[in-house]
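The residues making up each chain are set out below.
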Amino acid sequence: MHILKFTLIPFMKKIAFPLFLLFLLILQSCATKKNMLYLQDLDAYNNTTVSYATTKIQPNDILKITVSDLNPLVAAPFNISEGSGQQMSVEMMKLSGYLVTPEGMISMPVLDTIQVVGLRPANLEKKIKARLINDGYLVNPTVQVRVINNKFTILGEVQSPGVKPFTEESIGLLDALGMAGDLTYGGIRRDIKLIRELEGKRLVYHIDLTTAAWMSNPEFRIRQNDVIVVTPNKLRVNSAGLIKDPLQPIGIIASLLTLYFLIIR
């Protein structure tokens, strides 16, 4: 009986640590799954209405404004010359576009200065068209307005942080995260920060990606000059950039404990 008892003690010592490590890994996996999966209640929001937000023109926007008429010659004075008729790149269009001043103005040929900040592109189209008709320049013009320097900035725990251009009026948050290569394992999914400057005010939104509730809010569509910040979790902060994988601390602890048990044997 005593022989069996003394035989079991070393055996229990040998399996105690692996069992303890397995328990830690299970706890880590449970916590990670709960905090890592996107849109965990997505089915509850199936077949819901999708809302799209229209954006307003801001200072430092670059506008492409095209005025056309049945007779191109009478509309030509109201357009910036684009040179030879070859298709221009986006960068070239930016250089020749209308830059909105900090005071919210642009200066068009013939029409001179126009207040544009706070207007939606569609509203500015109507405003310019009304000026052309009421001042007797054109009878039935067509006006197109488009912001051509749309961009957002994404920082923090994503695969590819930086400034990202887009051509649409607004894009979805998931699209923006996809353009940045998705979040890293060190990013907090429950508190994505969205920073927006609107009509002279700075707004800060907090978005929980683990639920789908935010998808019904048009305010969470990414607009011109938005900033997205993905906060690092505790493991990432504590590692101070030295540990790249959240599971590495557990591996280090396991190695140290293994070395300890080998020494005391």
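Quick note: structure is the one above.
This write-up is about the structure you can find in this document.

Next up on the list: the pattern of salt bridges. Where charged atoms from two side chains of opposite charge approach closely, those side chains can pair. Taken as a whole and assessed by the stated rule, the structure comprises eight salt bridges. Residues arginine 202 and glutamate 197 are paired through a salt bridge, measuring 3.1 Å at the closest nitrogen-oxygen approach. Take arginine 202: its relative accessible area is 58%, and that puts it in the exposed class. Of the residues examined, glutamate 197 reaches a relative accessible area of 48% and is grouped as partly exposed. Among the charged side chains, a salt-bridge network with shared partners connects Arg196, Glu219, Arg223 and Asp226.

Turning next to the sheet that holds strand 2 (residues 98-99). If you trace the three strands from one edge of the open sheet to the other, you get 2-1-5, paired in antiparallel fashion. If you trace the sheet from one side to the other, it starts and ends with strand 2 and strand 5 (142-147), each paired once. Where strand 1 (residues 62-68) and strand 5 come together, six bridges link them in antiparallel fashion. Across the sheet, the residue bridging to isoleucine 65 is valine 145, located in strand 5. In the packing of helix 4 (residues 121-134) onto the sheet, contacts are made with strand 1 and strand 5, and the angle to strand 5 comes to roughly 145 degrees.

Turning to a nonpolar patch on the surface, a few remarks are in order. A surface patch of nonpolar side chains, about 240 Å² in accessible area, is lined by Leu42, Leu174 and Met215. In this structure, leucine 42 sits in the loop between helix 1 (2-36) and strand 1. On the basis of relative accessibility, which here comes to 40%, the residue leucine 42 falls in the partly exposed class.

Sheet analysis places strand 6 (residues 151-156) next to strand 7 (residues 162-165), joined by four bridges and oriented antiparallel. Bridge assignment links threonine 153 to a residue of strand 7, and that residue is valine 163. If you look at the hairpin formed by strand 6 and strand 7, you'll find five residues sitting between the two strands. Across four bridges, the pairing between strand 6 and strand 10 (residues 227-232) is parallel.

As a further point, take the side chain of asparagine 233. Assignment of secondary structure puts asparagine 233 in the loop between strand 10 and helix 6 (234-239). Within the local environment of asparagine 233, its side chain forms a polar contact with the backbone oxygen of tyrosine 185, the two atoms lying 3.4 Å apart. Beyond its immediate stretch of four places on either side in the chain, asparagine 233 contacts Tyr185, Gly186, Gly187 and Ile188.

Moving on, we get to the sheet that holds strand 9 (residues 201-207). Taken in spatial order, the five strands of this open sheet run 7-6-10-8-9, and their pairing is mixed. Looking at the sheet topology across the chains shown, the edges are occupied by strand 7 and strand 9. Neighbour-to-neighbour, the strand axes of the sheet open up by a mean angle of 20 degrees, direction not taken into account.

Where strand 8 (residues 187-198) meets strand 10, five bridges bridge the pair, whose relative direction is antiparallel. When the sheet's bridge partners are listed, isoleucine 195 is paired in strand 10 with valine 227.

On to the packing of aromatic side chains, then. For the structure shown, the criterion picks out three aromatic pairs. Arranged with centres 5.4 Å apart and planes meeting at 65 degrees, the rings of phenylalanine 78 and tyrosine 137 form a pair that is edge-to-face. Here the residue phenylalanine 78 occupies a position in the loop between helix 2 (72-75) and helix 3 (90-96), and tyrosine 137 occupies one in the loop between helix 4 and strand 5, the gap between them amounting to 59 residues. Taking the relative accessible area as the measure of exposure, phenylalanine 78 reaches 3% and is therefore buried. Looking at tyrosine 137, the relative accessible area reads 38%, which means it is partly exposed. Measuring from ring centre to ring centre gives 5.5 Å for tyrosine 205 and phenylalanine 220, while their planes differ by 80 degrees; the resulting arrangement is edge-to-face. Taken together, the residues tyrosine 205 in strand 9 and phenylalanine 220 in the loop between strand 9 and strand 10 connect sequence positions 15 residues apart. Accessibility classification places tyrosine 205 together with phenylalanine 220 in one group, the buried group.

Of note, the phi angle at valine 110 is positive, near 70 degrees, even though the residue is not glycine. Its place among the elements puts valine 110 in the loop between strand 3 (105-108) and strand 4 (112-115). Classification of valine 110 by relative accessible area gives partly exposed; the value is 45%. Despite not being glycine, aspartate 182 has its phi angle at roughly 75 degrees, a positive value. Within the secondary structure layout, aspartate 182 lies in the loop between helix 5 (173-179) and strand 8. The exposure class assigned to aspartate 182 is partly exposed, which follows from its relative accessible area of 33%.

Rules and cut-offs
Residues numbered from 1 in each chain as written. Predicted model: local features only at pLDDT ≥ 70, side-chain atom pairs only at ≥ 80, totals over all residues. Heavy atoms only, no water. Salt bridge = Lys/Arg side-chain N within 4 Å of Asp/Glu carboxyl O. Buried < 20%, exposed > 50% of the residue type's maximum accessible area, 1.4 Å probe, protein only. Pairing = 2+ DSSP bridges. Helix = DSSP H or I, 4+ residues; strand = E, 2+ residues; numbered from the N terminus. Contact = heavy atoms within 4.5 Å. Axes fitted to C-alpha atoms, helices over the stretch in contact; angles between N-to-C directions. Patch = residues over 30% accessible without salt bridge, like charges linked within 9 Å, V, L, I, M, F, W, Y side chains within 5 Å. Areas by Shrake-Rupley, 256 points an atom, 1.4 Å probe, with all protein chains shown as cover. Polar contact = N/O pair within 3.5 Å; in protein donor to acceptor, adjacent residues only side chain to side chain. Phe/Tyr/Trp six-rings, centres within 6.5 Å; stacked < 30°, edge-to-face > 60°.

By themselves, these are just geometric observations and shouldn't be taken as functional.
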